[in-house]
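Each chain is listed here by its residues.
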Amino acid sequence: MLKFQDLTQHEVEALKQKHNYADAHTHQSQSPSQLEIIKRLPELWLEAEKTKQETLNNKFIETFYKMRGLDTALFPNNVMLYYAASIAIIHIANYLLKKRLSVTLIEPCFDNLYEILSHLAIPLDPLKEELLHDVDKIYENLKTHVKSDAIFIVDPNNPTGFTLLGQKNKKAFENVVQFCKDYDKILVIDYCFANFLMNDEEIELYDTYKVLKESGIKYMAIEDTGKTWPIQDAKIAMLKVSDNLYEEMYSIYTAYILNVSPFILNVLTEYLLDSQNCQFASIKNLLNTNRKILEETFQDSMLKPLKPKGNVSVAWCEIMEPNLKATELQKILYEEGVYVLPGTYFFWHNPDQGEKYIRIALARDTDNFTEGTSLIKSILDRLDKNFSAQVAAVPQLSPSGG
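As a further point, take the packing of helix α2 (residues 32-39) against helix α3 (residues 41-49). With their axes 5 Å apart at the nearest point, α2 and α3 run at an angle of 55° to one another. In terms of orientation, α2 lies oblique with respect to α3. Across from Ile 37, Ile 38 and Lys 39 in α2, the residues of α3 making contact are Leu 41, Pro 42 and Leu 44. In the contact of α2 with α3, the residues fall into 5 nonpolar, no polar and 1 charged.

Take a look at the structure:
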């Protein structure tokens, strides 16, 4: 087995597997209404040919942000579009490099954020996610731990599902924003998993861009479609920045991109409208079903799925057997035909902290997911017997006589 340098290298290898639960991209089949969109692809192609790029840009952008109740992001509508969220992150990194700025990056997070920033030699410090857990301590925690020029968070966080979104968490988010305002920090937010919180019974969303705009802080916010809809990576990412950053960010943007595909914009707009019409049922129902299968399958096993604050498309699982490391479990599962991600690389500053976790992607067809999780459970049961046998074989000391 190759020695991997990051999580994406694991994911490339996992694409070869039948039971691939490594990458968080969408691999499930189309819903009935999404199949109707697929039948219309020739029509959508010809329609895109005849439509101005600006018209398609605006229709897609307005549909996306209005669907999420983020109307403030459209005033002004100066959203920049990309082929993938990673290109938006590279764009941000270029700005940080140009300005010689340092960054405090949330930990754990998907390590491509760390990789992109570190490849450009941007000074990085970790921001432990738990420092954001207590609303009454957030401001002081940031004051104590953030000495950099910018703060980079992921919301909901990948892999944990922790979020500051929703009315219940609004005060916590406002505390982060207030700290950035008081200490002149740029706030960078990766919202790539935020779509999963749409129509969540437990989370009442609000317009986060209204809070950002009214605060007057410098901010950059990434949005994405690639983690939500089963579009075979025909995706579009977006970057909305504060008005006081736009001119300089736009000058960097046009060094990379003229435009994104008008055809993809047209198709994705149909997917957005479809999800709006069905209240995200095709996405939400699949993830809820697979998460329930995961929880029931691993009940009373050495692998404990942790309850996320936001029901995103990945499950963060804790290994309860202290003598089993994530890297060891990942290798064993790989050798038996199942691919998951070890928690190590998510803890980009201190990988050893991730040895007690693995991440399992949920956006898969349920038949495949049921089969794969059952296979994982059988492997866990076997390992559990082996560890129990090892413990039983250790000689027990007899109490000394008087």
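Structure's up, so let's keep going.
Taken in spatial order, the 7 strands make up an open sheet running β2-β8-β7-β6-β5-β3-β4, and their pairing is mixed. The sheet terminates laterally at β2 (80-82) and β4 (124-128), the two strands that pair on one side only. The mean inter-strand angle of the sheet, taken between neighbouring strand axes irrespective of direction, is 20°. Examined bridge by bridge, β2 and strand β8 (residues 237-241) share 3 bridges and lie antiparallel to one another. Within β8, the position partnered with Tyr 82 by the bridge is Ala 237. Running over the sheet, helix α5 (residues 85-98) touches β2, β3 (103-107), β5 (150-154), β6 (186-190), β7 (219-224) and β8 and is turned about 165° from β7. Strand contacts of helix α8 (residues 170-182): β5 and β6, with the helix running at about 145° to β6, the strand carrying the most contacts.

So, on to the pairing of β5. For a regular strand, side-chain orientation follows a simple rule: the groups alternate between the two sheet faces. Across the 5 residues of β5, 5 count as buried, placing the element largely inside the fold. Side chains Ala 150, Phe 152 and Val 154 of β5 all project onto a buried face; the interleaved residues Ile 151 and Ile 153 project onto the opposite face, where all are buried too. By the bridge criterion, 3 bridges tie β3 to β5 in an arrangement that is parallel. In the strand pairing of β5, Leu 105 is matched with Phe 152. Taken together, the 5 bridges between β5 and β6 define a ladder with parallel strand orientation. Within β6, the position partnered with Phe 152 by the bridge is Val 188. At this point the chain moves from β5, through α8, to the parallel β6, and the crossover so formed is right-handed.

Pairing within the open sheet is antiparallel, and its 4 strands lie in the order β9-β10-β13-β12. The open sheet is flanked by β9 (303-305) and β12 (341-342), the only strands paired with a single partner. One ladder, built from 3 bridges, connects β9 with strand β10 (residues 314-319); its direction is antiparallel. Considered in β10, the bridge of Lys 304 is made with Glu 318. Sheet strands in contact with helix α12 (residues 281-297) are β9, β10 and β13 (357-361), and its direction is about 15° off that of β10.

Cut-offs applied
- In this convention, every chain numbers its residues from 1, walking through the sequence in written order.
- With the structure being a predicted model, the display of local features is reserved for residues of pLDDT at least 70 and the display and counting of side-chain atom pairs for 80 or more, all residues being used for whole-chain, interface and lining totals.
- The side-chain values count all of the structure's non-hydrogen atoms but skip hydrogen atoms and water molecules.
- Interaxial angles span 0 to 180 degrees and are taken between N-to-C directions of axes, which are lines fitted to C-alpha atoms, for helices over the stretch in contact.
- Numbering goes from the N terminus for both helices and strands, where a helix is a DSSP run of H or I of at least four residues and a strand is a run of E of at least two.
- Each angle receives one of four descriptions, namely roughly parallel if under 35 degrees, roughly antiparallel if over 145, roughly perpendicular if within 65 to 115, and oblique otherwise.
- What makes two residues a contact is simply this: any of their non-hydrogen atoms within 4.5 Å.
- As a working rule, the residues Ala, Val, Leu, Ile, Met, Phe, Trp, Tyr, Cys and Pro are called nonpolar, Asp, Glu, Lys and Arg charged, and the rest polar, with Gly in that last group.
- At least two bridges found by DSSP between two strands is the condition for calling them paired.
- Using a 1.4 Å probe on the protein chains alone, a residue whose accessible area is under 20% of its type maximum counts as buried, one over 50% counts as exposed, and one in between counts as partly exposed.
- When the strands point away from the viewer and the connection leading from the first strand across the helix to the second strand turns clockwise, the crossover is called right-handed.

Limitation: the analysis is restricted to geometry and does not speak to function.
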